[in-house]
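Secondary and tertiary structure notes
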Amino acid sequence: MKPAARAFWLRSPGAGEIREAPLPAPGEDEVLVRSLYSGVSRGTETLVFRGQVPESQHAAMRAPFQEGDFPGPVKYGYLSVGLVEEGPAALKGRTVFCLYPHQTRYVVPASAVTVVPDDVPARRAVLAGTVETAVNALWDAAPLVGDRIAVVGGGMVGSSVAALLARFPGVRVQLVDADPARAATAEALGVGFAAPADALGGCDLVVHASATEQGLARSLELLRPEGTVLELSWYGDRKVALPLGEAFHSRRLVIRSSQVGTVSPARADRSYGDRLALALELLADPALDALITGESAFEELPEVMPALASGEIPALCHLVSYGKSA
């Protein structure tokens, strides 16, 4: 065994701590990774931090290298970028992305890491997991040239979807959010912005990612007849009421779910690895730096996580820097 690493654990809902973590010597076809950065996904991770994962979803919500169980104690997270210190020659010294929790060093199978392209900074690479969700959503949605599209909810996932849609030819894309500060994010990503009351209607597609009843109801209102809402929000243990009366049926509207747990059936020829590698390639675009909105040292996580969960620290992706911690 090597000297212990350190990891962030949710001790109980609303309270976290840093613990020592055993660090075994890497075996054949394993790598030892020294963390450079990790990212806090403010949506999913803050639901976990508040203890709001429904019991029925405990298995589905497990992260690949999670330890412990919901609601806690649990070591949770999935946006880690680090440097391979030991492992196969093809990986040693390379910067890699891994779906690993917040920990200073860790040992995983070599197959669990994906090399970060040379033109993608390590800081930006923490967004790979979120951009991967956006890739899967667009595989599900299959937007067409010239579509009129709204993305309702300018958090990490919604903004990532908007950023990818900005590359589609002839598409009208509008990011819709109640927070006027998201206008700057939309501008950086090259898409339009509107408050919910001012959003453009007649949409062929609305991608909903606000995780609010009001946002989903407004998404339905923005559709043209026979238009589709792609639902990306994760509501945790909250129940959601929908306005499915009035003109919902006469306008033949569609609500379709999407999530990252399975590869879209529209891309049955692609693997999880293919999807993640594509997400990392797409992160060569510096505009995506707009999704990183704060940074803290690893040692500060016990104080930072409650502030992120409460909204005291407003954030899209909050960057965790390891520096000398590793």
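Coordinates for the structure precede this section.
Rules used throughout
Along each chain, residues carry numbers from 1 onward, in the same order as the chain's sequence is written. At least 70 in pLDDT is required for a residue's local features to be given in this predicted model, at least 80 for side-chain atom pairs to be given and counted, and no such filter applies to totals for whole chains, interfaces and linings, which use all residues. In computing side-chain values, all of the structure's heavy atoms are included and hydrogens and water are not. Salt bridges, as used here, are contacts in which a Lys or Arg side-chain nitrogen is within 4 Å of a carboxyl oxygen on Asp or Glu. The secondary structure listing takes helices from DSSP runs of H or I that are at least 4 residues long and strands from runs of E that are at least 2 residues long, numbered from the N terminus. The axes are straight lines fitted to the C-alpha atoms, using for helices just the contacting stretch, and the angles between their N-to-C directions are given from 0 to 180°. Working definition: roughly parallel below 35 degrees, roughly antiparallel above 145 degrees, roughly perpendicular at 65 to 115 degrees, and oblique for all remaining angles. Crossings are sorted by hand: turned counterclockwise from the far helix by less than a right angle, the near helix makes the crossing left-handed, and turned clockwise it makes it right-handed. Whether two residues are in contact is decided by their heavy atoms: any pair within 4.5 Å suffices. Ten residues, namely Ala, Val, Leu, Ile, Met, Phe, Trp, Tyr, Cys and Pro, are considered nonpolar, four, namely Asp, Glu, Lys and Arg, are considered charged, and the remaining ones, Gly among them, are considered polar. Any pair of Phe, Tyr and Trp rings, taking the six-membered ring for Trp, is counted once the centres come within 6.5 Å. Such a pair is stacked with planes under 30 degrees apart, edge-to-face with planes over 60 apart, and tilted for the rest. The classification of residues rests on relative accessible area computed with a 1.4 Å probe and restricted to protein chains. Under 20% of the type maximum is buried, over 50% is exposed, and intermediate values are partly exposed. The rule for a charge over a ring is simple: NZ of Lys or CZ of Arg within 6 Å of the ring centre, and within 35 degrees of the ring normal. Paired strands are those between which DSSP finds at least two bridges.

The full count for this structure, using the stated rule, is 18 salt bridges. Note that E221 and R218 form a salt bridge whose closest N and O atoms lie 3.0 Å from each other. Taken together, the residues E221 and R218, both in helix α6 (residues 213–221) and 3 residues apart, mark about one turn of the helix. Beyond isolated ion pairs, a larger network of salt bridges with shared partners links R11, E17 and R19.

Here we take up the packing of helix α3 (residues 128–141) against helix α7 (residues 272–282). Axis separation between α3 and α7 bottoms out at 8 Å; the angle between their running directions is 110 degrees. It follows from the interaxial angle that α3 and α7 lie roughly perpendicular. Read as a crossing pair, α3 and α7 show a hand that is right-handed. Here α3 contributes A128, V131, E132, V135, N136 and W139 to the contact with α7, which in turn contributes Y272, R275, L276, L278, A279, L280 and L282. A class-by-class count of the residues in the contact of α3 with α7 yields 10 nonpolar, 1 polar and 2 charged.

Summed over the entire model, instances satisfying the criterion amount to 5 aromatic pairs. Centre to centre, the rings of Y76 and Y78 are 5.9 Å apart; their planes meet at 85 degrees, and the pair counts as edge-to-face. Across the pair, Y78 and Y76 agree in class, each one buried. The residue whose ring lies beneath R19 is W9, and the NZ or CZ to ring-centre distance is 4.6 Å.

Right, let's talk about the pairing of strand β7 (residues 95–98) for a bit. Within a regular strand, side chains alternate between the sheet's two faces. Two strands pair when backbone bridges link them, and strand β6 (residues 80–86) and β7 are joined in this way by 4 bridges, in the antiparallel orientation. Bridging across to β7, L83 finds its partner in T95. Relative to strand β9 (residues 113–115), β7 is paired through 3 bridges, and the arrangement is antiparallel. Paired with C98 across the bridge in β9 is V113.

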